Amino acid sequence: MAESVIGKRIPKVDSREKVTGQAVYAGDMRMPGMYYGKVVRCWEHAHAKVKKLDFSAALKVPGVVKIIGPDDVTKKPYNTTVMKLLVPEIFGEVFGEIADLNIFNRVVKHQGDAICGVIARTEEAAERAAAKIKVTYEPLPVYMTVEASKAEGKKKNGYLFTPLKPGNLAFDLPESFFPGKRYGWNDKDGKTAEQLFSKCDYIIEDTFYVPKQKQCQMENHSYVAHYDERNRLNIWTSTQMPKPVQVLIAELFELPLTRVRLTQTTVGGGFGVRLGMIGEPHACAMAMAVPGHPVRMEFLREEDWVASETRYPGHIWLKMGFKKDGTPVAVDAMYSARKGGYYTHGSGPPFCAAAFLHGMYKWQALGMQTEGYFTNEVPTGAYRGYGNPQITFAAEQMITKMCNELGLDEIEWRKKWHKSIGDETWLKGVTFASDGLNDCLDVAAKEFGWYEKKKKYAKQTGVKRRGIGLAVMQHTSGAFPMLLEHSVCTAKLNEDCTVELIQQISDLGTGGHTVITQMAAETLGFPMEDIHLKSGDSDMCGFDIGAHASRTIYCAGPATIEACESVKKQLLERAAQLLEANVADLEMKDKIISVKGNPQKSISAVKIAKEGVYNYIDAATGKTIGIPGQIQGYSSFFAKHCSPPYGACMSEVEVDIETGEVKVLNLVNGHDIGKAIHPPSVEGQLEGGAQQGLGFVLTEEYAYDSKGRVLNNDFTDYKMLGPSDMPKAKIILVETAPDPIGPMGVKSCGESALMGPIGSVANAVYDAIGIQIKEAPITPEKVLKAIKEQGLRK
Amino acid sequence: MKKRAITLTINGEEYSLNVPVHHTLLQVLRDHLNLTDVKYGCGRGECGACTVLLDVGKGKRKPILACIALAATMDGKSITTAAGLSKDGTLHPVQKAFVDESAIQCGFCTPGMVLKSVSILEKNSKPTEEEIRFGLEGNICRCTGYAKIVTAVQAASKKMAAGKR
Amino acid sequence: MASSRILPEFELLLPQNIKEAVSALGKLKSKASVMAGGTDVVISCTKGFGSPNVISLAEIPGLDYVVYDSKKGLRIGAMATLQQVADNADVKKRYPALQRACAINGTPQTRNMGTVVGNIMRASPSGDCICAVLAIGGKIVLQGPKGKREVNIDDFYLKYRETACKADELAIEIKLPAISAKNAFARMTRTTLDLSKVNVACSLVMSGKTVKEARVAVGAVAPTTIRLKKVEAILKGSQITDEVLQKVVATVPTEIKPIDDVRSTAEYRRDVAGVMVKRIILEALGK
Ligand SMILES: Cc1cc2nc3c(=O)[nH]c(=O)nc-3n(C[C@H](O)[C@H](O)[C@H](O)COP(=O)(O)OP(=O)(O)OC[C@H]3O[C@@H](n4cnc5c(N)ncnc54)[C@H](O)[C@@H]3O)c2cc1C
Ligand code: FES
Ligand code: FES
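The shown structure was predicted, so the numbers you read here are calculated from the model rather than taken from an experiment. (Residues numbered from 1 in each chain as written. Chains lettered and ligands numbered in written order. Predicted model: local features only at pLDDT ≥ 70, side-chain atom pairs only at ≥ 80, totals over all residues. Heavy atoms only, no water.)

A. The overall build of chain A, seen in detail. The helix and strand tally for chain A stands at 21 helices and 27 strands. Expected size for 794 residues packed as a compact globule is a radius of gyration near 28 Å; at 28 Å, chain A falls within 12% of this value. Each principal axis of the C-alpha atoms in chain A carries an extent, and together these give about 100 × 70 × 50 Å. The burial tally for chain A puts 68% of its 794 residues in the buried class. A sequence separation of at least 24 residues applies to 80% of the contacts in chain A between residues at least 6 apart. For chain A, the computed accessible surface area is about 26600 Å², with 53% contributed by carbon and sulfur atoms. Between the averaged position of the 93 positive side-chain charges in chain A and that of its 95 negative side-chain charges there is a distance of 2 Å. (Helix = DSSP H or I, 4+ residues; strand = E, 2+ residues; numbered from the N terminus. Rg over C-alpha atoms; globule rule 2.2 N^0.38 Å. Buried < 20%, exposed > 50% of the residue type's maximum accessible area, 1.4 Å probe, protein only. Contact = heavy atoms within 4.5 Å. Areas by Shrake-Rupley, 256 points an atom, 1.4 Å probe, with all protein chains shown as cover. Lys, Arg positive; Asp, Glu negative; His and termini not counted. Charge placed at Lys NZ, Arg CZ, Asp CG, Glu CD.)

Right under this line is the structure:
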């Protein structure tokens, strides 16, 4: 049998084309007759009415083909998210989902809102014409905080972002589903968290701030759209969610799915930013205005900044109550978010923040509220972690503080009180099936030298103070049963006994294509080279919800496995017929199917595959040679669980107490992967996630001027950690708790990587200076100010 | 002048071009010549996705940024892009190391990252980890956290040293 | 509207010698911008601050020199790149402040493209080479229609991004004196690749343990990079004791006028500038 490829450090299937620069991203596409589209956006205001649009000068620019405005496109409002496909309709209604965005807008609700579109024969002509379009604006007051938006919404005849949302309250949790508008549970006597605080010996309460962070995927959003001669709308995009986006486009332009073809190009990073529609509606609208001509539309980096979604910023209030011995009793919490200009994901990420608070520790009662107010900021949406980074930043700092103040060992406390097998996960009614957290904690502590460092840094003087911090997390593998997790795979056996997997797998760079190929090879017992994954074309692939909620391997892998098992089964069945044996007695090795213990009695799978396709008639006998029919395996798989993975992260920082600068010296992250099919990919997720987590906690946030315009819409002013800023990161893949439900034992790793670094660095700073910095990012400015105001404590 | 006739050698091939003077080298490579292995990431010199290696004679090359170089000022110059690093299907040792170490995720930064790594090793065949990291500044990768890229450069350094011996 | 991918149209002039360059500049004056490495000129274009004419120095031969003479000091030609200066052995040995300001400036790619003279001429209050040169001392050699003149770096920066260089003048080179002063440069940034929140440099002529002459420069804390005259006065004639350093730390905030921006806050800059000056003095003295 071909040697197993599971767990092997093999090169990724798509690495050669990437390392030579031959992988094609949407912006790399060139097509005959191609035009260039440019969305004209409002740069000068964050809130304004469009009074007049004058295209006359722009239309005179040589090379301009057409300019389209709000009246030239569908006026049907839409929502960027694919959420409504993931949940039953009633859910959307209960949560208050709305469609409040237009392709081109007459009211600007944030800087970067789309006004109109230019189509030209060159990109430069489109750019020049765009500059000549005269838009007359009537500026409106900007609302940049929850308080301002709320106050305005409360006024009689106050300004409303949308009449669909009274008071500018974009969302909160509906009372009908969530008593007290809280997600959580009451204790066994029905007491709420609030009611239990009176029974606590130790209560802490605090408010934290979490930043508006940008995904900063390196490939800017780019599209080619083409309304072709068959009246089909074709779109090439690097969306993370090809199938749902195809459906949303079909709905928006009122076309049947047969007339919308979506092709996913190589994805230059996603991290959630491509979790719904971004520029697809605009690209399609422009293409439909010039039938027969493909239109390429490539965002500028500065455009990416204002015209695609961000993390949800806001304040998280937490109140936690414990017994003297550390027994967790009650937690009450509130996440108050700035929504930005549009509804998009609504309560999604804040709700999930509540969910991940729910999934972590064994409280007797827990309740978390969420609310979001519209603001004139770039809209918020999905970003890797989806609420979990935010709640981890706040909650893990609280837990560490409690342990310090009650004199408890924080590793042991977390071992004892985290939810485990049989306990409810982040989602009510769904229980943990595996738990590797204690092992993560043990291996991380050993690798990191936790206790040694704890002792060593207990008493420090001097300008540079070291500190160590810990945070644990649990996440999810797909979002079943809250969300639909459906994947379809067809495995087609070619006549040469190689396999074509036809399956939509969104590989954002995560290694998904490699891992799916490995899983297919393993299931079939074929070499990797004999498997080819065909993905990306909606004309060809069955349904797949896309890449969200760390689901791909966990939810789509089983479809691959099932489809390949079916191919194998059919091969064995045919062999059984031809060999006159029982299927149960057969085995397949190196594509030879033989009777166990009797290798002479065998037949080649290659022969079966070939004869299935080239099923000739034997002239001598008049009968067919072999068994007819090309073999195909098929699976339409619905996930059965969400097997949350755990993780434990420890980091060490050095704080310069004279300047407030924080340097992360090293980081150890133990991750409960269950089974790592392709270890380098898992490590890659955790290493890369650390860079984003450290950015969240140390440097990254939008800055606005007083008029609501983004001050840092480039990498000069929005700062991510670079190669020399990154600490040595040691990633440990813990495989001691393979998941009984996940395919081959796997749990997810895509989003898990951010939480640990965020919580542990915050705690390490706290350890170093004895002061908690409750606002992320923890900048030197904040650290120094805190030291000045509160004095060093240790 | 509004346009300038230049000759530019790209990956060993000489091109005679008539370029608008305000066009960047990046535009010329991507839009005039369809050499899309050179990427646009920021257009402001910060991300390194558009990195190319400029020949400076005596077999030496140094990394520059195509997004802020005016093509019209590059008459007679010779550059290498990621596509030009591999020869007849054989990857450059640095490319090979990126593949072997899984230093590639979405791949968008990769062409620039590989060229940058080549330049680091051409300047200093045995860089320390710190030197590699500092040398990689200016090439942003949002996927990998740089860890496997650093490992790949180290691996390539070892391989190339062994190859020379 | 500006674009980070498509530059506005402009005329490009590619003079083949200084004379041509000066004459072109003489005609166009403020309607032209001089381009050395272009790392700033092109980026300004992407932000909508382009000029209708660009005079590129790229094809003028012989401007990329870095030469040191033990009597005359260091001369850096207008096209010498940051990397060239950072790699220069004499610069490493005698002008560590400048070496450092070049070596950490931007990225390897921008160091290969950008020039030291461009950094000086860009006149950004956070310009790293400016800070180093202001501490070391030096002259900018300008050439205009009426010939050459030299301006002392101390008199060069007038206001925010305004210099003594006239619209029809070109910077040919900068000259740094031959010095025995101990000098050093450091900066504070949010991440390694960044523009300075605050940068500091000093140059100290020592006589035994006593400071004979002191020049201290600090950037990004006022409309231009400035020298800290009161601090210099404290240092001059003193020995570097904890007490003196404490006085320095306390004095720095009185000499600067920082503002809030995306990189930092005025308050923070005021808080750390003194600490940075203290540390750079110690670094220059090898402590
Ligand atoms: C990614 C990036 C990072 C950067 N990081 C830093 C940093 O860390 N520190 C820092 O200080 N700067 C930094 N810069 C700014 C800038 O690149 C440098 O200051 C560089 O040294 C400018 O040199 P240049 O030759 O490219 O200048 P150019 O862009 O050619 O010119 C800069 C300015 O000087 C004028 N000028 C240039 N040469 C002459 C001349 N001979 N006569 C008259 N005027 C002239 C130009 O008209 C223009 O106004 C960075 C820039 C980028 C893009
Ligand atoms: S595109 Fe050139 S540096 Fe980013
Ligand atoms: S691999 Fe995606 S940006 Fe580097």
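That was the structure; now back to the text.
B. Expanded view of the overall build of chain C. Looking only at helices and strands, chain C has 11 helices and 14 strands in total. Computed over C-alpha atoms, the radius of gyration of chain C comes to 19 Å, within 12% of the 19 Å expected from 2.2 N^0.38 for 287 residues, which places it in the range of a compact globule. In terms of overall dimensions, chain C has C-alpha extents of about 60 × 45 × 30 Å along its principal axes. Within chain C, the fraction of its 287 residues that count as buried is 61%. Summarising the internal contacts of chain C: among those between residues at least 6 apart in sequence, 61% fall at separations of at least 24. By element, 50% of the accessible surface of chain C is carried by carbon and sulfur atoms, the whole surface being about 11400 Å². Between the averaged position of the 42 positive side-chain charges in chain C and that of its 28 negative side-chain charges there is a distance of 3 Å.

C. Focus on the packing of helix α12 (residues 388-406) of chain A against helix α13 (residues 410-417) of chain A. Residues and elements named next belong to chain A. The N-to-C vectors of α12 and α13 enclose an angle of 115°; their axes lie 9 Å apart at closest approach. The handedness of the crossing between α12 and α13 is right-handed. Along its contact with α12, which presents Glu396, Ile399, Thr400, Met402 and Cys403, the element α13 presents Glu410, Trp413 and Arg414. Its residues assigned to classes, the contact of α12 with α13 shows 4 nonpolar, 1 polar and 3 charged. (Axes fitted to C-alpha atoms, helices over the stretch in contact; angles between N-to-C directions. Left-handed = near helix turned anticlockwise from the far one by under 90°. Nonpolar A, V, L, I, M, F, W, Y, C, P; charged D, E, K, R; others polar.)

D. The interface of chain C and chain B, seen in detail. Between chain C and chain B, the residue contacts involve 33 residues of the former and 33 residues of the latter. Contact between chain C and chain B buries roughly 2900 Å² in total, counting both sides, with carbon and sulfur atoms accounting for 61%. Summed over the shared surface of chain C and chain B, the number is 3 salt bridges. Between Glu11 of chain C and Lys2 of chain B there is a salt bridge whose closest N-O contact spans 3.9 Å. For the pair chain C and chain B, the interface holds 9 residue pairs in polar contact (both at pLDDT 80 or more). Looking at the side of chain C that touches chain B, the elements that each hand over two or more residues are β1 (11-13), α2 (41-46), α3 (82-87) and α6 (108-113) of chain C. The leading source of residues in the side of chain C that touches chain B is α6 of chain C, at 6 residues. Partitioned by chemical class, the residues of the side of chain C that touches chain B number 15 nonpolar, 11 polar and 7 charged. (Buried area = accessible area lost by both parts, 1.4 Å probe. Salt bridge = Lys/Arg side-chain N within 4 Å of Asp/Glu carboxyl O. Polar contact = N/O pair within 3.5 Å; in protein donor to acceptor, adjacent residues only side chain to side chain.)

E. View of the pairing of strand β19 (residues 499-502) of chain A. Residue and element names in this part refer to chain A. Side chains Val499 and Leu501 project from β19 onto one buried face, and the interleaved Glu500 and Ile502 project onto a second face that is buried too. As paired strands, strand β18 (residues 486-493) and β19 are joined by 4 bridges and run antiparallel to one another. Bridge pairing links Ala491 to Leu501 in β19. Taking the residues between adjacent antiparallel strands as the criterion, β18 and β19 are bridged by 5 residues, where Cys497 takes a positive phi near 65°. (Pairing = 2+ DSSP bridges.)

F. Structural view of the environment of Ala97 of chain B. Residue and element names in this part refer to chain B. Looking at the element boundaries, Ala97 is found in helix α2 (residues 93-100). According to the relative accessible area criterion, Ala97 is buried, its value standing at 7%. Ala97 sits 44 residues away from Leu53 along the chain, and the two C-alpha atoms are 19 Å apart. Non-local contacts of Ala97, meaning those with residues more than four positions away in its chain, are made with Ala152, Ala155 and Ala156.

G. Fine view of the nonpolar core. Judged by nonpolar contacts, the single largest core of 202 residues is most densely connected at Ile249, Leu318, Met320, Phe393 and Val697 of chain A together with Phe98 of chain B. Counting 58 residues, the second-largest nonpolar core is a separate cluster that includes Val85, Tyr95, Val117 and Ile120 of chain C. (Core = buried A, V, L, I, M, F, W, Y, C linked by side-chain atoms within 4.5 Å.)

H. Local environment of the sheet that holds strand β11 (residues 182-188) of chain C. Residue and element names in this part refer to chain C. With antiparallel pairing, the 4 strands of this open sheet are ordered in space as β11-β12-β13-β14. With partners counted over all chains shown, the strands left at the sheet margins are β11 and β14 (226-227), one partner each. Pairing between strand β12 (residues 198-207) and strand β13 (residues 210-219): 9 bridges, direction antiparallel. In the sheet register, Ser207 faces β13, and the bridge partner there is Thr210. Along the sheet face, helix α8 (residues 128-136) touches β11, β12, β13 and β14 and points at about 20° away from the line of β12.

I. Broad picture of the domain arrangement of chain A. All names here are of chain A. Partitioning chain A into structural domains gives domain 1 (16-140 + 218-269 + 274-307), domain 2 (418-474 + 643-790) and domain 3 (486-638). Contact residues are listed per partner, giving 17 residues for domain 1 and 18 residues for domain 3. Interface area, domain 1 with domain 3, both sides summed: about 1400 Å², of which 52% is carbon and sulfur. It is Gln240, Lys243 and Gln264 that lose the most area in domain 1 upon contact with domain 3, and together they represent 37% of the buried surface on that side. Put simply, domain 1 and domain 3 have 3 salt bridges between them. Its salt-bridge partner being Arg261, residue Asp537 comes within 2.6 Å of it at the nearest N-O pair. Among the elements that take part in the side of domain 1 that touches domain 3, strand β12 (residues 260-264) stands out by supplying 5 residues, more than any other. A class-by-class count of the residues in the side of domain 1 that touches domain 3 yields 8 nonpolar, 5 polar and 4 charged. (Domains from an automatic or database assignment.)

J. Spatial organisation of the interface of chain B and chain A. Across the contact, 48 residues belong to chain B and 64 residues belong to chain A. Approximately 4100 Å² of surface area, both sides summed, lies buried where chain B meets chain A, with 50% of it carried by carbon and sulfur atoms. Per-residue buried area on chain B facing chain A is highest for Tyr40, Gln105 and Arg142 of chain B; these three make up 20% of the total on that side. For the interface between chain B and chain A, the tally reads 12 salt bridges. Here chain B and chain A share 35 residue pairs in polar contact (both at pLDDT 80 or more) between them. Put simply, the parts of the chain that give the side of chain B that touches chain A at least two residues each are α1 (25-32), α2, α3 (110-123), α4 (129-136) and α5 (147-164) of chain B. In terms of residue class, the side of chain B that touches chain A is made up of 20 nonpolar, 16 polar and 12 charged.

K. Structural view of the pairing of β11 of chain C. All names here are of chain C. The buried fraction of β11 is high, at 5 of 7 residues. Inspection of the sheet shows β11 paired to β12 by 7 bridges, in the antiparallel sense. Directly across from Phe185, in β12, lies its bridge partner Ala201.

L. Structural context of empty space enclosed by the protein. Per the counting criterion, the structure on display carries 9 cavities of 30 Å³ or more. Leu101, His110, Ile278, His282 and Ala307 of chain A are the residues nearest the centre of the second largest cavity, which is lined by 23 residues in total. (1 Å grid on protein atoms, 1.4 Å probe; cavity = no way out; pocket = protein on both sides within 12 Å on 5 of 7 lines; lining within 4 Å. Points joined across faces, edges and corners; volume = space filled by probe spheres on them.)

M. Focus on the confidence of the model for chain C. In this model, chain C carries a mean pLDDT of 97, and residues with pLDDT of at least 70 account for 100%. For this predicted complex, the interface confidence comes out at an ipTM of 0.98, alongside a pTM of 0.97. (pLDDT = per-residue confidence, 0-100.)

N. Representation of the sheet that holds strand β4 (residues 66-69) of chain C. All names here are of chain C. With respect to topology, 5 strands assemble into an open sheet ordered β4-β5-β10-β6-β7, the strand pairing being antiparallel. This sheet does not close on itself; its edge strands, each paired only once, are β4 and β7 (147-152). Going from strand to strand, the sheet's axes swing by 20° on average, the running direction of each strand aside. Summarising the sheet, strand β5 (residues 73-77) and strand β10 (residues 170-176) pair through 4 bridges and their orientation is antiparallel. Within the sheet, the bridge partner assigned to Arg75 lies in β10 and is Lys175.

O. Up close: the domain arrangement of chain C. All names here are of chain C. Split by domain assignment, chain C resolves into domain 1 (11-56), domain 2 (66-176) and domain 3 (182-284). Distance from the C-alpha centre of domain 2 to the C-alpha centre of domain 3: 20 Å. Taken together, the 28 residues of domain 2 in the interface contact 24 residues of domain 3. For the pairing of domain 2 and domain 3, the buried interface totals around 1800 Å² over both sides, and the portion due to carbon and sulfur atoms is 58%. Its largest share of buried area at the contact with domain 3, domain 2 owes to Pro125, Cys131 and Ala135, together 29% of the area lost on that side. The interface formed by domain 2 and domain 3 holds 3 salt bridges in total. If you list the elements that add at least two residues to the side of domain 2 that touches domain 3, you get α5 (96-103), α8 and β8 (157-159).

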